[in-house]
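Observations on the three-dimensional arrangement
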Amino acid sequence: MDDFSELEAELKQLRPAAASTDLMARFECKLAEGAATRSGGVLPRRRERRVNWFGLGLGLAATAAFVMLARVNVDKPVPQQPALAVAPSAAPRIESTLPRTLVPDGVTRVVYNTRDEGLVFPRSSAEPVRRVRSRSRETLQWKDPGSGASLRVSYPTEETELIPISGQ
Amino acid sequence: MENVATHEDWKVCFAEAAPGLILFARQFVRSVADAEDIVQEAFVKFWRKQHPIANRALLFATVRSTALDLLRRDIRRARREADAFAEAEQSIAPPEFDARTESQQALAAAVDRLPAEQREVLVMKIWNELTFGEIAAVLGISQNTAASRYRYALAALKRNLISHG
């Protein structure tokens, strides 16, 4: 670059021609025009307030969609989760209280039919036997001493009895 | 200077910068009148956008883009723009210098014969005192490229002056 220092100095002595006075006047005129429409051209430009109709419409549409979704959520029935939660807790309580509170209260056996079917000769016995068939109903009963509640189970039974006969 | 410049500040700035800016704009257009129009339009754009006065790189970039816009308007198409740029390079009048002596006139003529890309770097560097960083920002090139173009311009000028001397 040292080789060019003399040349650079010569170039710097060569001055550009001055701008025309007309140009300066035009520029001043433009500044004045700008100042008339703006606040002096030195303050930060104030943004004009324009209604952005597209943005406004988009916003309203979004709001409407949000409200609709919110309504859908509100109109939903009460979640069934609590009922589901209650159901399992009730069952164990019954199961657990039954054996603790109910105590056997009695058993009854009512024979309502007895029939003598005569002599029979079973293979395993050398002597004949009398066969008597009886039908009955047995009832089992439990009672809760605290509350007085009772539980009764009744079922039919049939019994066959072989009675040896004497050779008298 | 700050961006909160008054009208008087802008006028002083314009008066100081205008000759160098016009010289720069002359790289793109044939007549002084067109160059002055470009500078005025660019400066007004610069002022309206409230750019800091001290941002010279942006100011020169604005002048350059305004000049290219003008070329596009005239030429209409990018291919023609390149042709017009080359044509302008050959046919524009020498940059207007205040050349008083014969040696200065020879120097001005030598500057005019430089390739356009070297000449615009030289104009920004010598007569507008932009740094290579600023020149690079204006032209969208690297600083090294700007510095190289500057050196090539000086070398070409030296050769030219010797051969014509």
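None of the values given here were measured: they were computed from a predicted structure.

Another aspect to go through is the overall build of chain A. Of the regular secondary structure elements, chain A holds four helices and three strands. Scanning chain A from its N terminus toward the C terminus, one meets helices and strands in the order α-α-α-α-β-β-β. Counting only residues that meet the buried cut, chain A has 14% of its 168 residues in that class. A separation threshold of at least 6 residues defines the contact pool for chain A, and within that pool the share at least 24 residues apart is 51%. Counting only carbon and sulfur atoms, one obtains 58% of the accessible surface of chain A, whose full area is about 13,600 Å².

With that settled, consider the interface of chain B and chain A. A common measure of how large an interface is: the accessible area buried when the components associate. Taken together, the contact pairs 40 residues of chain B with 31 residues of chain A. Overall, the association of chain B and chain A removes approximately 3,300 Å² of surface from exposure, summing both partners, and the carbon and sulfur fraction of that is 69%. It is Gln40(B), Trp47(B) and Trp127(B) that lose the most area in chain B upon contact with chain A, and together they represent 17% of the buried surface on that side. For the pair chain B and chain A, the interface holds two salt bridges. With a shortest N-O distance of 3.7 Å, Glu36(B) and Arg26(A) are connected by a salt bridge. For the pair chain B and chain A, the number of links is six residue pairs in polar contact (both at pLDDT 80 or more). The element that contributes the greatest number of residues to the side of chain B that touches chain A is helix α1 (residues 7-25) of chain B, accounting for nine residues.

All names here are of chain A. Read from one edge to the other, the open sheet built from three strands follows the order β1-β2-β3, with strand pairing classed as antiparallel. Edge positions in the sheet fall to β1 (103-120) and β3 (150-164), since each has one partner strand and no second. Here the average twist between neighbouring strands, direction ignored, is 15 degrees. Strand direction decides the pairing type here: β1 and strand β2 (residues 129-143), joined by 14 bridges, are antiparallel. The partner of Val120 across the bridge, within β2, is Val129.

Another aspect to go through is the confidence of the model for chain A. All names here are of chain A. Summing up the model confidence of chain A, the mean pLDDT is 73 and the portion of residues at 70 or higher is 70%. Counting interchain partners and residues more than four positions distant, the pLDDT-below-50 stretch residues 39-48 has 18 contacts. Segment residues 80-96 is flagged for pLDDT under 50; beyond a separation of four residues in sequence, or across chains, it makes zero contacts in the model.

Among the nonpolar cores identified, the biggest contains 58 residues, and Leu11(A), Leu122(B) and Trp127(B) are the most heavily contacted of them. Sort the elements by how many residues they give to this core and α1(B) lands first, with nine residues. Looking at which domains feed residues into this core, each of domain 1 (1-93) and domain 2 (101-165) of chain B gives three or more. The contact partners of Leu11(A), leaving out residues within four places of it in the chain, are Leu107(B), Val111(B), Leu122(B), Ile126(B), Trp127(B), Leu154(B) and Leu157(B).

Definitions and cut-offs
Residues numbered from 1 in each chain as written. Chains lettered and ligands numbered in written order. Predicted model: local features only at pLDDT ≥ 70, side-chain atom pairs only at ≥ 80, totals over all residues. Heavy atoms only, no water. Helix = DSSP H or I, 4+ residues; strand = E, 2+ residues; numbered from the N terminus. Buried < 20%, exposed > 50% of the residue type's maximum accessible area, 1.4 Å probe, protein only. Contact = heavy atoms within 4.5 Å. Areas by Shrake-Rupley, 256 points an atom, 1.4 Å probe, with all protein chains shown as cover. Buried area = accessible area lost by both parts, 1.4 Å probe. Salt bridge = Lys/Arg side-chain N within 4 Å of Asp/Glu carboxyl O. Polar contact = N/O pair within 3.5 Å; in protein donor to acceptor, adjacent residues only side chain to side chain. Pairing = 2+ DSSP bridges. Axes fitted to C-alpha atoms, helices over the stretch in contact; angles between N-to-C directions. pLDDT = per-residue confidence, 0-100. Core = buried A, V, L, I, M, F, W, Y, C linked by side-chain atoms within 4.5 Å. Domains from an automatic or database assignment.

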